[in-house]
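# Residue-level structural notes
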Amino acid sequence: MTFQPKTCHWLDKLYLVYFIQHIPPTLLIDLSPLYPDALTPSWMKHLRSWYITTYKDPLIGSQSYPGGWFTAFLAYEALFQLPFFFYAAFKLWKGAKDVYLPLLIYGIHVTTTTSACLGELLSFKDHILGTPEKATLLAFYLPYILIPILMSWDMWGRIKEGLSGASNSRRKQA
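Residues numbered from 1 in each chain as written. Predicted model: local features only at pLDDT ≥ 70, side-chain atom pairs only at ≥ 80, totals over all residues. Heavy atoms only, no water.

Phi is positive for Lys 56, close to 55°, though the residue is something other than glycine. Take Lys 56: it is sitting in the loop between α2 (42-55) and α3 (69-94). (Helix = DSSP H or I, 4+ residues; strand = E, 2+ residues; numbered from the N terminus.)

Next comes the structure, spelled out in C-alpha cells:
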C-alpha cells in the first residue's frame, strides 16, 4: 500500500508541501510572542532568540513601529491561518475541489498581510536593519508571498472555469 496524495495537479502538490512545512515555523517561531512566558519551554525561547540574533528579524524581535498591527497579524495567523494549514493540507491530500474558494481567500489574505510585513522590513533604516539582513529576510519571506499569489491566481482560474462550465451546462439543458 502506497501513501500518496489523491491530488494529481502539480500545483496542488506544491500547495500541500507549502501548508505542511508552514506548521512548525508558525508554532515554534511566528506565534511564540503570543505564548505566556511561564508556559513557553526554554528550548522554544532559545530557538526564537537564536532566530532573532542570527537573522535580525525586527518583526519577530518586536521592533516594529508602534500600533499593534503586527500583533494583530500574529492573531490572524494563530486563529485563522494555523487551523487552515491543517484543513487545506487534508483537502489537498484528498484532491477535494471544494477547497478552491477557501484557498483563494487564504491566498489573498496572506498576500495582503505578507506585503505589509515586507513593506515594513524594507522600510527599516540601515542602522536598524542593514541591506544584507534585508536581503536575507526577503529571501525567507519571498516564498510566503509568491506561493499565495500563485495560489490566488490559480484558484481564481479554477473557480472561473468551474463557473463557466456550470453556466454552459445550464444553457444546454434549457
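Turning next to the layout of surface pockets. Volume-wise, the largest pocket comes out at about 550 Å³. Lining the largest pocket are 21 residues, and of these His 22, Asp 30, Glu 77, Tyr 141 and Tyr 144 sit closest to its centre. Residue assignment for the lining of the largest pocket shows that the elements contributing at least two residues are α1 (10-30), α2, α3, α4 (100-123) and α5 (131-141). The element contributing the most residues to the lining of the largest pocket is α3, with five residues. (1 Å grid on protein atoms, 1.4 Å probe; cavity = no way out; pocket = protein on both sides within 12 Å on 5 of 7 lines; lining within 4 Å. Points joined across faces, edges and corners; volume = space filled by probe spheres on them.)

Turning our attention to the packing of α4 against α5. Here α4 crosses α5 at 170°, and the two axes come no closer than 10 Å. Taken together, the axis directions place α4 and α5 in an arrangement best described as roughly antiparallel. Contact with α4, carried on its side by Thr 114, Cys 117, Leu 118, Leu 121 and Leu 122, involves Lys 134, Leu 137, Leu 138 and Tyr 141 of α5 and no other residues of that element. Split by residue class, the contact of α4 with α5 holds seven nonpolar, one polar and one charged. (Axes fitted to C-alpha atoms, helices over the stretch in contact; angles between N-to-C directions. Parallel < 35°, antiparallel > 145°, perpendicular 65-115°, else oblique. Contact = heavy atoms within 4.5 Å. Nonpolar A, V, L, I, M, F, W, Y, C, P; charged D, E, K, R; others polar.)

Moving on to the side chain of Gln 81. Tracing the backbone through its elements, the reader meets Gln 81 in helix α3. Apart from residues lying up to four places away in sequence, Gln 81 is in contact with Tyr 76, Tyr 106, His 109, Val 110 and Thr 113.

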